[in-house]
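Each chain, written out:
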Amino acid sequence: MQEIKVELTKNPKEKPAPGAPLPFGTIFTDHMFIMDYDLGQGWHDPRIVPYGPIEMEPSAMCLHYGQSVFEGMKAYRAVDGRILLFRPDKNMARLNVSNDRLCIPQIDEKFAEKAIEKLVSIDRDWVPSGEGASLYIRPFIIGVDPHVGVHPAHHLMFMVICCPVGAYYPEGLNPVKIYVEKNYVRAVRGGMGYTKTAGNYAASLKAQDEAEKQDYTQVLWLDGVERKYIEEVGTMNVFFVIDDEVVTPELQGSILSGITRMSCIDMMRHWGMKVTERKISIDEVARAAQEGRLKEAFGSGTAAVISPIGHLKWGDVVMEINKGEIGPVSQKLYDTLTGIQWGKVKDEFGWTVEVQ
Ligand SMILES: *Cc1c(COP(=O)(O)O)cnc(C)c1O
């Protein structure tokens, strides 16, 4: 394995006071990880350096053509003071899936995971300890060739930055209001929907903006072809509890394979629940709601963990789900996942990795 050079900051920043508000993604730690790629040379010069601006030319390809991928993961300060990562191998594996789609050279997943552990270890005092707070970790790769021309980059940068974040919903696990998006689509099969790439989020901004103006938290995306089958919610995967079956859209190329999603599926199956990954149409959900068989709906993702949906609007159809309250399945998943992540519940799945 390549050695990671470390240059520690001479000007450590002041850390947020315990209990101070930590708005998501606005405060960055003292250090960052960088590694370069050059055609013919491969990934080289891994280093941890003080956090700060990077230099690139205005012609850098990522600025024009969106050749960029990212990941989102967290480090948790366990109740006993240890620092834990949650299934970091899955994030690195998914990064390579995104890389493949975007013609970005593969990274050494084990090495990248070690690099992240080293960075978190150096910035360990930045991992907050407040209720629901964590250190959000953002690995990303960008093509930086100074070349205004569409082709895969020959020079790229892999970087990791970290920010202490507070609980996603400071008021606690409150059900959110979501509407079904009818005008815009996020991704289609054959496109990049299954990757974490910048363009997917650019495609979602307008819908998100319109939803917020109408006092909705996020939108529920339908498939881009028939506008009928459910895909995901904003930046979360989605689950529906109908009768005694838990249904989540199958991974068919246009939705992201969430690590929270796969963990929820594993846990529920472990608990003996019936979980089905299949196509599910919005009509089916509306019918189940009308017949009183839609018991719960919730989103899953690293940022919010579990986000119960209490109100779902599809055109003129408004579904109040579980009387707008948190259901037992959402609550149990939330409690178990956060319990494992913060070291309060025994990690019987072996999902956590301690940062030394
Ligand atoms: C990141 C993300 C998710 C959730 O993935 P996790 O690995 O659970 O955090 C779901 N949908 C989209 C579009 C995402 O970007």
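Residues numbered from 1 in each chain as written. Predicted model: local features only at pLDDT ≥ 70, side-chain atom pairs only at ≥ 80, totals over all residues. Heavy atoms only, no water.

(A) The layout of surface pockets, seen in detail. By volume, the largest pocket amounts to about 550 Å³. Lining the largest pocket are 32 residues, with Tyr136, Arg138, Lys196, Thr235 and Ala303 sitting closest to its centre. Of all elements in the fold, only β7 (134-143), β8 (155-165), α5 (259-270) and β15 (294-301) reach the threshold of two or more residues within the lining of the largest pocket. In terms of residue class, the lining of the largest pocket is built from 14 nonpolar, twelve polar and six charged. Split by domain, the residues of the lining of the largest pocket number at least three in each of domain 1 (5-165) and domain 2 (176-341). (1 Å grid on protein atoms, 1.4 Å probe; cavity = no way out; pocket = protein on both sides within 12 Å on 5 of 7 lines; lining within 4 Å. Points joined across faces, edges and corners; volume = space filled by probe spheres on them. Helix = DSSP H or I, 4+ residues; strand = E, 2+ residues; numbered from the N terminus. Nonpolar A, V, L, I, M, F, W, Y, C, P; charged D, E, K, R; others polar. Domains from an automatic or database assignment.)

(B) Highlighting the side chain of Asp36. Here Asp36 lies in strand β2 (residues 31-38). One polar contact links Asp36 to Arg47, side chain to side chain, over a distance of 2.9 Å. When near neighbours in sequence (up to four residues on either side) are disregarded, Asp36 contacts Gly42, Trp43, His44, Asp45, Arg47, His155, Leu156 and Met157. (Polar contact = N/O pair within 3.5 Å; in protein donor to acceptor, adjacent residues only side chain to side chain. Contact = heavy atoms within 4.5 Å.)

(C) Summary view of the site of the ligand. As a matter of local geometry, the ligand sits amid 15 residues, with Lys196, Tyr201, Glu232, Thr260 and Thr302 nearest to it. The contact in question runs from an oxygen atom of the ligand to an N or O atom on the side chain of Tyr201, over 2.3 Å. Thr260 is positioned such that a nitrogen or oxygen atom in its side chain is 2.6 Å from an oxygen atom of the ligand. Bound to the protein, the ligand loses 96% of the 380 Å² it would expose on its own. (Near = heavy atom within 4 Å. Areas by Shrake-Rupley, 256 points an atom, 1.4 Å probe, with all protein chains shown as cover.)

(D) Expanded view of the pairing of strand β6 (residues 83-86). Every second residue of β6 is oriented toward a common face, with Ile83 and Leu85 on one face and Leu84 and Phe86 on the other, all of them buried. As paired elements, strand β5 (residues 73-77) and β6 share three bridges and run antiparallel to each other. Looking across to β6, one finds that Arg77 is bridged to Ile83. Connecting β5 to the next strand, β6, in antiparallel fashion are five residues, including Gly81 with a positive phi near 95 degrees. Note that β6 and strand β18 (residues 352-355) share four bridges and pair antiparallel. Paired with Leu84 across the strands is Glu354, a residue of β18. (Buried < 20%, exposed > 50% of the residue type's maximum accessible area, 1.4 Å probe, protein only. Pairing = 2+ DSSP bridges.)

(E) View of the packing of helix α2 (residues 88-101) against helix α3 (residues 109-122). Across the interface, α2 lies against α3 with an axial gap of 9 Å and an inter-helix angle of 125 degrees. In terms of axis orientation, α2 runs oblique to α3. The way α2 lies across α3 gives a crossing that is right-handed. Touching Pro88, Asp89, Met92, Ala93 and Asn96 of α2 are Glu109, Ala112, Glu113 and Ile116, all from α3. (Axes fitted to C-alpha atoms, helices over the stretch in contact; angles between N-to-C directions. Parallel < 35°, antiparallel > 145°, perpendicular 65-115°, else oblique. Left-handed = near helix turned anticlockwise from the far one by under 90°.)

(F) The arrangement of the packing of aromatic side chains in detail. What the rule picks out here adds up to twelve aromatic pairs. A centroid spacing of 5.8 Å and a plane angle of 75 degrees characterise the contact between Phe33 and Phe158, whose relative ring orientation is edge-to-face. Pair noted here: Phe33 is in strand β2 and Phe158 is in strand β8, with a separation of 125 residues, a long-range link. The class for Phe33 is buried, based on a relative accessible area of 0%. (Phe/Tyr/Trp six-rings, centres within 6.5 Å; stacked < 30°, edge-to-face > 60°.)

(G) Here's a closer look at the nonpolar core. If you look at the biggest cluster of nonpolar residues, it comprises 34 residues, and the most contacted ones within it are Phe33, Trp43, Ile107, Val120, Ile137, Ile141 and Phe158. For this core, the elements supplying multiple residues, two or more each, are β2, β3 (42-50), β5, β6, α2, α3, β7 and β8. Discounting residues that sit within four places of it in the chain, Ile107 has contacts with Trp43, Met92, Leu95, Asn96, Asn99, Ala112, Ile141 and Phe158. Among the nonpolar cores identified, the runner-up in size contains 26 residues, and Ile230, Ala297, Trp314 and Met319 belong to it. (Core = buried A, V, L, I, M, F, W, Y, C linked by side-chain atoms within 4.5 Å.)

(H) Structural context of the domain arrangement of the protein. The domain architecture assigned to the protein consists of domain 1 (5-165) and domain 2 (176-341). For domain 1 and domain 2, the distance between their C-alpha centres works out to 27 Å. Summed over both partners, the interface of domain 1 with domain 2 comes to about 1,800 Å²; 61% of that surface belongs to carbon and sulfur atoms. Broken down residue by residue, the surface that domain 1 buries against domain 2 is led by Phe86, Arg94 and Arg101, which jointly contribute 34%. Counting across the domain 1 and domain 2 interface gives one salt bridge. Measuring nitrogen to oxygen at the nearest pair gives 3.7 Å for the salt bridge that ties Arg87 to Asp266. Taken together, domain 1 and domain 2 are joined by eleven residue pairs in polar contact (both at pLDDT 80 or more). For the side of domain 1 that touches domain 2, the secondary structure elements donating two or more residues are β4 (68-70), β5, β6 and α2. A breakdown of the residues in the side of domain 1 that touches domain 2 according to their chemical character gives nine nonpolar, five polar and six charged. (Buried area = accessible area lost by both parts, 1.4 Å probe. Salt bridge = Lys/Arg side-chain N within 4 Å of Asp/Glu carboxyl O.)

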